[in-house]
Amino acid sequence: MKFTALKLDANSRAWYKWAGIHFMDNKLYIFDCISGKLRVAEGALMPIGHGEGNVFRCQMSVDVGGTFALRGRACYFFPHGSVESYSLNGRRESNEAIIPPGMLNLLVLAGGCFICWVGSETDLPDFGSVNPQEWYVYDPLNGSQGPHTLAELLVYSALPASTPVAPAGLTSRAFLLGDMLEVARLAAREEASRPSPRREVTCPHCWQRFRLEHTLAIAAHPTLNRDSILGEYAQQRFTPIDYDAQGYPVDSMGISVSEYACPWCHHKLPPFFASTAQHIVSLIGAPEAGKTYYLASMLRELEYTLPREFGIAFRDADPSANAAFNALRAQLYTAATPLPRQAPLYHAVWKGGCYTSLPCPFIYNLSTDEKSLALVFYDTAGADCAPEATSLQNPAVGHLVAASLIIFYFDPTVDPAFRKLLSSEDGLPHPAADAPEQQQALLLSEAEMRLRTALHLPPGHKLQVPLAVVIGKSDTWQNLLGAEPLLPVVSNGQYRPALAEANSERLRQLLFSISPQICSNAEAISTHVAYFAASALGTPPAGEPQPNAGKMHPDRVAEPLLWALHMLDDTLLSNPA
């Protein structure tokens, strides 16, 4: 903490005395809740603001926010003309106000927040315990939430404006959330303008970023249940304070814990989350296009292809969290009768001050002797990607912003232009009556709009994230390519990027000749677009509306992910053996 004493010379004192401003024993102390600095001044006309000429110079959105003046035993604050309003002790003000002596006064002014104290030095409160790097939100429904940075308070913007928030160590008073949102927005812009020296990670459940040191521990003792967010049937989440001899956190009953949770949504994080780099794979497509079956087939194929061809282990990183999806995969490959229609798996996640239905993450670990990374797959319902589902009402596609690979699954069997070229429609599923011709192209346009809005991308700028366009159900249309088959992209333990590029160009020419709007919309999103043919079943469904479970023979379903892995690390898909 820095302490700055500001003195006035004798001539200045005489002028202020002539002006009717009297000096008493009282001084004005201001604690800056952004920088953590404590400043003191005695005198009159003490301006505060961002500019160099202020007595109290601090981080604010204006050069001069206002002026303090000591008059008798009281201190007055006069806002500058550029400030429409400010908050003093939770009350909005637009004109001058008195800063009462002998008490902590909370001032929020033009993006700055301060604790003001008027009194003698002998009665000065101890500001040494106030930590402006850690803020807590006191939600009456879910208890104390934190610690958070100032910028992270924006996540709670959906809570009532009267929700108390305070820096760590300030226990007797609290700011109001509604007053602090402007401060949080300025802090967020400040953070975005400089690289963070601490490692940040993204929660696979709510997609909020947080610093590793803010990770919560999950209590192990059976009596420590009733978590503040997840409810009475979940073990408590807590900020570690005590540790055992091995360095593991200890809960309040003295039991060592080994599971951790996100500080935002409190969902359990996968094992080794902190030590393994993660990459998000986002799967989007029209409703009932077959995305879920495709994802199930791709994951199963990766479990065979990666170890066999490249010596890479591909394992379920969290079997308990992936249990529902694993059950679906087992049904697909072992059941003797057609399965009922499958919907993507969703779960309730605490996000933005309320529970929201978001797609479940399916987390897998990819490792070699030297490298390890986690792949987090999301299967998003087609309805959540539709143009009528705005991002505010349906935040379920928020994972697109953090994705390392976006897969757009195109269903040619419901595209009218494609169906006209097929030699026979016998056995093909009939498109839904309410599926317009341009629905799949509009979905890509909507994805582009949401990404540009979230990432503040101006027109003409594209993502660097790879976008794979998968033309699905290739067993129904592969005759359109002619007699020459697609080239094999894996041979002798090596991924062949040149052959994958040749296949992509050939498939793009076919797709562009039939549905050019798909290519145009995809290539407006990313600078790295590739086209793939795949069949999750391997054979036509023979008139059945759903796959004949247990008789699946996937074809080329893993190639989009192999392409993305090669782009992430061109040495990864090279088997030294």
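Right above here is the structure, for reference.
Residues numbered from 1 in each chain as written. Predicted model: local features only at pLDDT ≥ 70, side-chain atom pairs only at ≥ 80, totals over all residues. Heavy atoms only, no water.

Things to note about the packing of aromatic side chains
The description of two aromatic rings rests on the distance between their centres and on the angle between their planes.
Line of reasoning, step 1. All chains considered together, the criterion is met by 16 aromatic pairs.
Line of reasoning, step 2. Their ring planes at 85° and their centres at 6.0 Å tell us that Phe-56 and Phe-68 sit as a pair that is edge-to-face. Here Phe-56 is found in strand 5 (residues 56–57), whereas its partner Phe-68 is found in strand 6 (residues 66–71), with 12 residues between them in sequence.
Line of reasoning, step 3. Ring centres of Tyr-294 and Tyr-409 lie 5.2 Å apart, and the angle between their planes is 35°; on these two criteria the pair is classed as tilted. On the criterion of sequence distance, the pair formed by Tyr-294 in helix 3 (residues 291–310) and Tyr-409 in strand 32 (residues 403–410) is long-range, its members being 115 residues apart. Note on accessibility: Tyr-294 and Tyr-409 belong to one class, buried.
Line of reasoning, step 4. Aromatic rings pair up to connect Phe-56, Phe-68, Phe-77 and Tyr-86 into one cluster. (Phe/Tyr/Trp six-rings, centres within 6.5 Å; stacked < 30°, edge-to-face > 60°. Helix = DSSP H or I, 4+ residues; strand = E, 2+ residues; numbered from the N terminus. Buried < 20%, exposed > 50% of the residue type's maximum accessible area, 1.4 Å probe, protein only.)

Comments concerning the pairing of strand 6
Line of reasoning, step 1. Bridge count for strand 4 (residues 46–49) against strand 6 is three bridges, and the pairing is antiparallel. Paired with Pro-47 across the bridge in strand 6 is Thr-67.
Line of reasoning, step 2. Looking at chain direction, strand 6 and strand 7 (residues 74–79) are connected through six bridges and run antiparallel. When the sheet's bridge partners are listed, Gly-66 is paired in strand 7 with Pro-79.
Line of reasoning, step 3. Connecting strand 6 to the next strand, strand 7, in antiparallel fashion are two residues, including Gly-72 with a positive phi near 65°. (Pairing = 2+ DSSP bridges.)

Description of the sheet that holds strand 26 (residues 277–285)
Line of reasoning, step 1. Spatially, the seven strands line up as an open sheet ordered 27-30-31-26-32-33-36, and their pairing is mixed. The open sheet has two free edges, formed respectively by strand 27 (313–316) and strand 36 (529–533), since each of these has just one partner strand. Sheet twist, expressed as the average angle between the axes of neighbouring strands with direction ignored, equals 25°.
Line of reasoning, step 2. The sheet contacts of helix 7 (residues 439–455) involve strand 26 and strand 32, and relative to strand 32 the element is tilted by about 160°.
Line of reasoning, step 3. With respect to the sheet, helix 9 (residues 516–523) is in contact with strand 32, strand 33 (467–471) and strand 36, its orientation differing from that of strand 36 by roughly 140°. (Axes fitted to C-alpha atoms, helices over the stretch in contact; angles between N-to-C directions. Contact = heavy atoms within 4.5 Å.)

A closer look at the sheet that holds strand 5
Line of reasoning, step 1. On the basis of which strands lie adjacent, the open sheet formed by five strands has the order 5-4-6-7-10 and mixed pairing. The open sheet has two free edges, formed respectively by strand 5 and strand 10 (97–99), since each of these has just one partner strand.

Structural notes on the packing of helix 8 (residues 497–514) against helix 9
Line of reasoning, step 1. Close contact between helix 8 and helix 9 brings their axes to 5 Å; oriented N to C, the two are set at 120°. By the criterion of interaxial angle, the relationship of helix 8 to helix 9 is oblique. The segment helix 8 lies against helix 9, with Arg-508, Leu-511, Phe-512 and Ile-514 engaging Pro-516, Ile-518, Cys-519, Ser-520 and Glu-523.
Line of reasoning, step 2. Of the residues that constitute the contact of helix 8 with helix 9, the class distribution is six nonpolar, one polar and two charged. (Parallel < 35°, antiparallel > 145°, perpendicular 65-115°, else oblique. Nonpolar A, V, L, I, M, F, W, Y, C, P; charged D, E, K, R; others polar.)

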